[in-house]
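Chain residues, written in single-letter form:
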Amino acid sequence: MSNMKVRQWQQTSLLCIILILLCFVFFILSCAREEKNIICFSVGGAPNEIDFWEKLVAQFELQSGIKVKILRQPTDTDQRRQGLVVPLRSKKKDPDVFLMDVAWIAQFAASGWLEPLDSYIKEDDLNLDVFFSKVVNLADKYNGELIALPVYVDGGLLYYRKDLLKKYGYDRPPQTWEELLDYSLKIQENERKSNPNFYGFVWQGAQYEGLICNFLEFAGSNRGGITITDNKIFLDTPENRQALQFMYDLIHKYKVSPSNTFTEMREEEVRIFFQQGNALFERNWPYAWALHQNKDSNVRNKVGIAPLPHFPSGRSVSTLGGWHIGISKYSNRKQQSFEFIKFVTSYDTQKKLAIELGWNPARKDVYEDKELLRKLPHFAYLRPVFENAQPRPNLPYYTQISEVMQQYINAALAGKLPVNTALQKAEKEAQKIIERYEKK
Ligand code: GLC
């Protein structure tokens, strides 16, 4: 080979090597960019809710160029919390962004798992005044920092069968528990002639967080509840005893609530039971509304919504629930996660949440939306229910107090402990939890 040919060959090889190297570098860079542009979002809920999130995420991806991997969680709030505690405790990068129940945000914040959002908000000029300020102040601030934003607010509601009330000559839903019992006994007896599986009233009595929400509504509507003053908790009070006794009686004495109330009844079991046409009244959160109106629902167009009933000396009480969105302190895609938060809390997304799922937006401005009010007229009337809903104690160790209460209240419903013993024991153990934490 002549010298020139050798040089030419060397030059071509060098060029090839450079080209290959360039391609390689380009590949690595684009992979890194790709990798940086994927966030992992953890969310749970009923199957229709997950379907909805998938649709939303697709829209966000298109709009932002950021990819979202959905990490599916169950419906039950306790399981959802566990599913997040495990990766956060071990400082995992995933999930980057997630929904949290109002009941356990304080625990996450106190554990240092949440990225403060103030600086992102400032940079973006996001206006916090559009959200319900009571909800933001209660749940989304910790040590003066904003650690989450509300996605939707929940409150317990009474769903009732309009058609059956009419059939039996009642012109309005019950306002007191006594009335609810009267209606239930009469209608149940008659309806059972054609449907032996029919019950007056279904609610959440299984041993989980939902039971505490229900208990607080019965108790609150009798001027009771969880009182904590100067680190002293009061649960075993005459008001609470009367309320718990009534819950027990609904199942065992009057038999208007099914016997599996305290073993199986969570949100979805209750919702399905009512939706199959097997109950006159249902206690549930707003999400049940859209599902009851589905084409395949047996109660479509037969359902009304009212405030929960109360005891003679009390007023209707709805437990404040709801889900909030926050970013993991361990995420390495915080800015992209914040973009997603902005999208989820935007006017358009919040309106979709309301129209497609029946969820109550955390933004006040959506409640004025003409299209929304035309499609869901009950929203105008629901807003005050949520604004006045009763929060659970906003304490980092609330979930531990709740677990103790769940155990004893459920034991009382099962008839394993008398009502007063159950409340005394719950109070004693809850007091120990408070002392353990407040001593530190
Ligand atoms: C709903 C509420 C939540 C509550 C839970 C109880 O998801 O939004 O706040 O803790 O039900 O089951």
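Residues numbered from 1 in each chain as written. Predicted model: local features only at pLDDT ≥ 70, side-chain atom pairs only at ≥ 80, totals over all residues. Heavy atoms only, no water.

(A) Broad picture of the overall build of the protein. Of regular secondary structure, the protein possesses 18 helices and 14 strands. On the principal axes, the C-alpha backbone points of the protein span a range of 110 × 55 × 40 Å. Going through the 440 residues of the protein one by one, you find that 54% of them count as buried. The contacts of the protein with a sequence gap of at least 6 include a subset with a gap of at least 24, amounting to 72%. Total accessible area on the protein is roughly 20,400 Å²; 52% of this is exposed by carbon and sulfur atoms. Looking at charge distribution, the protein has the averaged site of its 57 positive side-chain charges lying 3 Å from that of its 52 negative ones. (Helix = DSSP H or I, 4+ residues; strand = E, 2+ residues; numbered from the N terminus. Buried < 20%, exposed > 50% of the residue type's maximum accessible area, 1.4 Å probe, protein only. Contact = heavy atoms within 4.5 Å. Areas by Shrake-Rupley, 256 points an atom, 1.4 Å probe, with all protein chains shown as cover. Lys, Arg positive; Asp, Glu negative; His and termini not counted. Charge placed at Lys NZ, Arg CZ, Asp CG, Glu CD.)

(B) Spatial organisation of the pairing of strand S1 (residues 38-43). Extensive coverage of S1 is indicated by the burial of 5 of its 6 residues. Relative to strand S2 (residues 67-72), S1 is paired through 6 bridges, and the arrangement is parallel. Of the residues in S2, the one forming a bridge with Val43 is Arg72. Tracing the backbone out of S1, into helix H2 (residues 47-64) and back to the parallel element S2 gives a crossover that is right-handed. (Pairing = 2+ DSSP bridges. Right-handed = clockwise from strand over helix to strand, strands pointing away.)

(C) Region of interest: the sheet that holds strand S11 (residues 279-284). Here we have 4 strands laid out as an open sheet, ordered S8-S11-S7-S12, and mixed in their pairing. Whereas interior strands pair on both sides, the edge strands pair on one side only; in this sheet they are strand S8 (199-202) and strand S12 (303-306). This sheet shows a mean twist of 20° between the axes of neighbouring strands, independent of strand direction. Inspection of the sheet shows strand S7 (residues 157-161) paired to S11 by 4 bridges, in the antiparallel sense. Paired with Tyr160 across the two strands is Phe281, which belongs to S11. The sheet strands contacting helix H11 (residues 267-275) are S7, S8, S11 and S12, and the helix crosses S11 at an angle near 155°. (Axes fitted to C-alpha atoms, helices over the stretch in contact; angles between N-to-C directions.)

(D) Geometry of the nonpolar core. Among the nonpolar cores identified, the biggest contains 108 residues, and Phe108, Ile325 and Phe340 are the most heavily contacted of them. For this core, the leading source of residues is helix H17 (residues 398-413), giving 8 residues. Those residues in contact with Ile325 that sit more than four places away from it in its chain are Phe41, Val97, Phe98, Leu99, Met100, Ala148, Leu149, Val151, Phe340, Ile341 and Val344. Core analysis: the second largest hydrophobic core is formed by 26 residues, Ala279, Val299, Leu376 and Phe379 among them. (Core = buried A, V, L, I, M, F, W, Y, C linked by side-chain atoms within 4.5 Å.)

(E) Summary view of the site of the ligand. Close to the ligand lie 13 residues; Asp101, Asp154, Glu267, Gly322 and Arg392 are nearest. Contact distances for the ligand include 2.5 Å between an oxygen atom and a side-chain N or O atom of Asp154. In this structure, an oxygen atom belonging to the ligand sits 2.9 Å away from a main-chain N or O atom of Gly322. Of all the secondary structure elements, the ones that give two or more residues to the shell around the ligand are helix H9 (209-220) and strand S13 (320-327). With 3 residues, the top contributor of residues to the shell around the ligand is S13. A per-class count over the shell around the ligand returns 4 nonpolar, 4 polar and 5 charged. (Near = heavy atom within 4 Å. Polar contact = N/O pair within 3.5 Å; in protein donor to acceptor, adjacent residues only side chain to side chain. Nonpolar A, V, L, I, M, F, W, Y, C, P; charged D, E, K, R; others polar.)

(F) Structural context of the confidence of the model for the protein. Across the protein, pLDDT averages 92, with 93% of residues at or above 70. The low-confidence segment residues 27-32 (pLDDT under 50) makes 0 contacts with residues lying over four places distant or belonging to another chain. (pLDDT = per-residue confidence, 0-100.)

(G) Main features of the sheet that holds strand S14 (residues 360-361). Read from one edge of the open sheet, 6 strands run S2-S1-S3-S13-S6-S14, paired in mixed fashion. In the strand order of this sheet, the two ends are held by S2 and S14, each with one partner.

(H) Just the packing of aromatic side chains, in detail. With the rule as written, the count across this model stands at 25 aromatic pairs. Summarising the aromatic geometry, the rings of Phe52 and Trp53 are spaced 6.4 Å apart at their centres and angled 65° between planes, so their arrangement reads as edge-to-face. Phe52 sits in the buried class, given a relative accessible area of 4%. On the basis of an interplanar angle of 75° and a centroid distance of 6.3 Å, the ring pair of Phe98 and Phe108 is categorised as edge-to-face. With Phe98 in strand S3 (residues 97-101) and Phe108 in helix H4 (residues 105-110), this residue pair connects regions lying 10 residues apart in the sequence. Taking the relative accessible area as the measure of exposure, Phe98 reaches 0% and is therefore buried. Of the residues examined, Phe108 reaches a relative accessible area of 0% and is grouped as buried. Within the aromatic cluster, the residues linked to one another by ring pairs are Phe41, Phe52, Trp53, Phe60, Tyr152, Phe340, Phe343 and Trp359. The ring of Trp285 carries Arg283 above its face, with NZ or CZ at 4.2 Å from the centroid. (Phe/Tyr/Trp six-rings, centres within 6.5 Å; stacked < 30°, edge-to-face > 60°. Lys NZ or Arg CZ within 6 Å of the ring centre and 35° of its normal.)

(I) Highlighting helix H18 (residues 419-439). In this model, H18 (21 residues) spans 30 Å end to end at C-alpha, consistent with the 30 Å of a helix rising 1.5 Å per residue. Residues of H18 that are buried sit in contact with H9, strand S9 (227-229), strand S10 (232-234), helix H10 (238-252) and H17. (Expected span 1.5 Å × (residues − 1).)

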